[in-house]
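# Chain and residue survey
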Amino acid sequence: MNAAKRPMLTVREALDFMAAAPRQALKAEIVPTLDANGRVLAEAKASAINVPSADNTQMDGYAVRAADCVSGAATLRVSQRIPAGHVGEALQPGCAARIFTGAMIPEGADAVVMQEQCEAVAPDMVRVLHAPQPGEWIRRAGEDIVAGSVILAAGTRLRSQELGLAASVGLAHLSVYRRLRVAVFFTGDELTMPGEAPGGKLAPGAVYNSNRFTLRALLENLGCSLTDYGIVPDTLDATRATLRAAAREHDLIITSGGVSVGEEDHIKPAVEAEGRLDMWQIAVKPGKPLAFGEVRRDDGCAYFLGLPGNPVSSFITFLLFVRPFILRLQGAAGDFAPRAYAMRSDFHWPRPDRRNEFLRVRINDGGGLDLFPNQGSGVLTSTVWGDGLVDNAPGQAIAPGDMVRFIPFSGLLY
Ligand code: AMP
Ligand code: MG
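Anyway, here's the lowdown on the structure attached to this text. Per chain, residue numbering runs from 1 following the sequence as it is written. The lettering of chains begins at A and the numbering of ligands begins at 1, in the order of writing. It should be noted that, the model being predicted, local features are given only for residues of pLDDT at least 70 and side-chain atom pairs only at 80 or more, the latter also being counted only at that level, while totals for whole chains, interfaces and linings use all residues. Side-chain descriptors were evaluated using all non-hydrogen atoms of the structure, hydrogens and water having been removed beforehand.

What follows concerns the overall build of the chain. The numbering of helices and of strands both runs from the N terminus, where a helix is a DSSP run of H or I of at least 4 residues and a strand a run of E of at least 2. A tally of helices and strands in the chain yields seven helices and 26 strands. If you line up the chain on its principal axes, its C-alpha atoms span 90 × 55 × 45 Å. Counting the 414 residues in the chain, one finds 47% classified as buried. Here, residues are in contact when the closest pair of their heavy atoms is within 4.5 Å. Taking contacts inside the chain between residues at least 6 apart in sequence as the whole, the part at least 24 apart equals 70%. Exposed residues in this analysis have more than 50% of their type's maximum accessible area, buried residues have under 20%, and partly exposed residues fall in between, with area computed by a 1.4 Å probe over protein chains only.

Once that is clear, we can look at the sheet that holds strand 6 (residues 95–99). Backbone-to-backbone hydrogen bonds join strands into a sheet, with any given pair of strands oriented parallel or antiparallel. What the six strands build is an open sheet, ordered 7-4-6-5-9-8; its pairing is mixed. The sheet is open, and its two borders are formed by strand 7 (111–114) and strand 8 (118–122), each paired with just one other strand. Strand-to-strand twist in this sheet, taken as the mean axis angle between neighbours without regard to direction, amounts to 40 degrees. By the convention used here, strands pair only if DSSP detects at least 2 bridges between them. Fitting a line to C-alpha atoms yields each axis, with helices limited to the stretch in contact; the angle taken between N-to-C directions then spans 0 to 180 degrees.

Time to look at the environment of Arg12. In this fold, Arg12 is placed in helix 1 (residues 11–19). Sequence-wise, Arg12 and Ala167 are 155 residues apart; in three dimensions their C-alpha atoms are separated by 38 Å.

On to the packing of helix 3 (residues 210–221) against helix 6 (residues 311–329). Close contact between helix 3 and helix 6 brings their axes to 11 Å; oriented N to C, the two are set at 25 degrees. Of the possible angle classes, the one that applies to helix 3 and helix 6 is roughly parallel. Of the two elements, helix 3 crosses helix 6, and the hand of that crossing is right-handed. Here helix 3 contributes Ser210, Asn211, Thr214, Leu215, Leu218 and Leu219 to the contact with helix 6, which in turn contributes Pro311, Ser314, Phe315, Phe318, Leu319 and Ile326. The class makeup of the residues in the contact of helix 3 with helix 6 is eight nonpolar, four polar and no charged. The scheme is simple: roughly parallel for angles under 35 degrees, roughly antiparallel for over 145, roughly perpendicular for 65 to 115, oblique for anything else. Each crossing is labelled by how the near helix is turned from the far one, with a counterclockwise turn of less than a right angle marking it left-handed and a clockwise turn marking it right-handed. Just so you know the grouping, Ala, Val, Leu, Ile, Met, Phe, Trp, Tyr, Cys and Pro go in nonpolar, Asp, Glu, Lys and Arg go in charged, and all remaining residues, Gly too, go in polar.

Moving on, we come to the side chain of Thr57. The topology assignment puts Thr57 in strand 3 (residues 56–57). Once residues within four sequence positions are removed from consideration, Thr57 is found in contact with Ile99, Phe100, Thr101, Gly102, Ala103, Ile105, Val112, Trp137 and Arg139.

Here we come to the sheet that holds strand 17 (residues 252–256). One open sheet holds the six strands; their spatial order is 16-13-17-21-20-18, and the pairing between them is mixed. Edge positions in the open sheet fall to strand 16 (225–231) and strand 18 (275–281), since each of these has one partner strand only. The mean angle between the axes of side-by-side strands here comes to 15 degrees, regardless of whether they run parallel or antiparallel. Where strand 18 lies against strand 20 (residues 289–297), seven bridges are found, and the strand directions are antiparallel. Note on strand 20: the bridge partner recorded for Arg276 is Glu294.

Turning our eyes to something else, we now look at the pairing of strand 6. With five of five residues buried, strand 6 lies mostly within the body of the structure. On strand 6, burial covers both faces: Cys95, Ala97 and Ile99 on one face and Ala96 and Arg98 on the other are all buried. In this structure, strand 5 (residues 74–82) lies alongside strand 6, joined through five bridges in parallel fashion. If you follow Arg81 over to strand 6, its bridge partner there is Arg98.

Right under this line is the structure:
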């Protein structure tokens, strides 16, 4: 069937199709935990220790036996001083230990009274003006993590939080998958690199290659190892040669531009000659065309994704389709569908499209969503102004007060 006549895929159908593509597990490598930001954990990690490792105090104050303080005005002898990092001696009845946040609770003590509720009455005597419950202000050994328990599952994406957690149980190195190798290039005779316009002036009909900057940053944020072939001359030979070279050393090849239906362009014949290609029309706006396929090499193939050239289409297509595909190839576990939140529209959208729209919106101070006035697929200012996207069902009109599905950019950019 002619590509133009084929029914459009829904977003879900396109995602399911990509999620079913076979995946080769990447090799694992050991890296210092300090350098593991953004990597994907290759094996589950358990803690060898309790955290905290021993009962310790949450407050500066006095460690006591609660039974000695029931009067609410007990006078106790200060028998020792225990700063954090030091181990005290067993606490005798009728005594208190001066103790500082993080220090181990001495044997025999069962509560801490904060210093604000105590009065030093002599150099070695304290009056405790509070009757503590047993356990008061004590952090129990293992209350955060019990020794032997799994703290990070295989396939976890390592963010600042996961790195801190790994370090808190003493893990100096982690086994992570090697970085995904991604090649990118850009098509379009009109493209000019910033700083390279002849005479410093953009020629008539030319546009700056903004997609190069957007896509590179998106790929870097996902922790990919990137080769940028820049603007490839618009000939079949150059396109095929670049695809062949890229396939040899990369897991995934991404291009921008030239995937619109009917376009006289070399991406489609070049990928078909070097591998296999599906040209999809997805019922999504912006970002209808997407090419998905593979480019052969001696020992297998590299995946191929051709993004539309329109800058907003290319950005949104990346967030919706490329990002989950990359996460899966990286070995990340979990559901990569963008998380949507129910939020209130403060705008009118009376003439919806028949396709699934992704509208650029911003959160206002009243907790509702405002719409960027120009939703054109080339209007990059909408992506800078916006906080995220409204995922609007096909044909769904929106009025102020309606609840809509809001997807924040913040959840999609790393
Ligand atoms: P195409 O998908 O090649 O038909 O391009 C659609 C529109 O996007 C055209 O207006 C192109 O000039 C523009 N465009 C294509 N590639 C880029 C790019 N790399 N950066 C900015 N705009 C682009
Ligand atoms: Mg083009």
